[in-house]
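The primary structure of each chain is shown beneath.
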Amino acid sequence: MQAKTKEETMETSYQLDSLDEKILNLIINNARVPFLEVARECGVSGAAIHQRIQKLINIGVIKGSEFLIDTTKVGYETCAYIGIYLKEPEDFNAVLDALQKIPEVVECHYTTGQYDMFIKLYAKNNQDLLNIIHQKLQPLGLARTETLISFKEAFRRQIPIPK
């Protein structure tokens, strides 16, 4: 068994304190909130917030920030979730690598249950979705797929920070 790196050890052994929890709850839905605003809410200095956030990044609690794009406004009207059945389970890594090269695929999950993999993708419309399935997914060595089309995202949120 390989020894853990210092970062891996910190990542698995670090316990959030009440200040960490408060910071995370303040930034979780708006990564662009100014550190000084977070500092005021927490009753500490801006430098302290900056240091804490940097520490949370370094140990892997915070894994970046992102801008959320309204997919319909950039031309992607169809959101689909696809359960993938592989012909050969040993092809898993090759299929995973190939899926990462398809820009419309935005998520891929290892799952239990009936599917070998479960992906989320965006397409310009239903015809584009059909083309993606036939021209980009089926050639990967899939036995078959099951597609669910999302009519509309009802809500999206981050997981709450436990206390």
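What you are looking at is a predicted structure, and each value in this text was computed from that prediction instead of being measured.

S.K.: Sorry, what's going on with the pairing of strand 1 (residues 78-86) here?
M.R.: Two faces, one strand: in a regular strand the side chains alternate between the faces of the sheet. Of all nine residues making up strand 1, eight are buried, and the element is well covered by its neighbours. Two elements, strand 1 and strand 3 (residues 117-123), share seven bridges in a ladder whose sense is antiparallel. Counterpart to isoleucine 82 in the pairing with strand 3 is isoleucine 119.

S.K.: Which parts of the structure should I look at to understand helix 2 (residues 18-27)?
M.R.: The periodicity of an α-helix, 3.6 residues per turn, causes residues three or four positions apart to be oriented the same way. Looking only at helix 2, the buried set comprises Leu19, Asp20, Glu21, Ile23, Leu24 and Ile27. Against the buried residues of helix 2 lie helix 3 (35-42) and helix 4 (46-58). The N-cap residue of helix 2 is aspartate 17: its side-chain oxygen and the backbone nitrogen of leucine 19 are 3.1 Å apart.

S.K.: Mind showing me how you'd approach the side chain of threonine 78 here?
M.R.: Within the element layout of this structure, threonine 78 appears in strand 1. A polar contact is formed between the side chain of threonine 78 and the side chain of asparagine 126, at a distance of 3.1 Å.

Rules of the game
- Residues numbered from 1 in each chain as written.
- Predicted model: local features only at pLDDT ≥ 70, side-chain atom pairs only at ≥ 80, totals over all residues.
- Heavy atoms only, no water.
- Buried < 20%, exposed > 50% of the residue type's maximum accessible area, 1.4 Å probe, protein only.
- Helix = DSSP H or I, 4+ residues; strand = E, 2+ residues; numbered from the N terminus.
- Pairing = 2+ DSSP bridges.
- Contact = heavy atoms within 4.5 Å.
- Polar contact = N/O pair within 3.5 Å; in protein donor to acceptor, adjacent residues only side chain to side chain.

Read these as layout, nothing more, since geometry by itself doesn't imply function.
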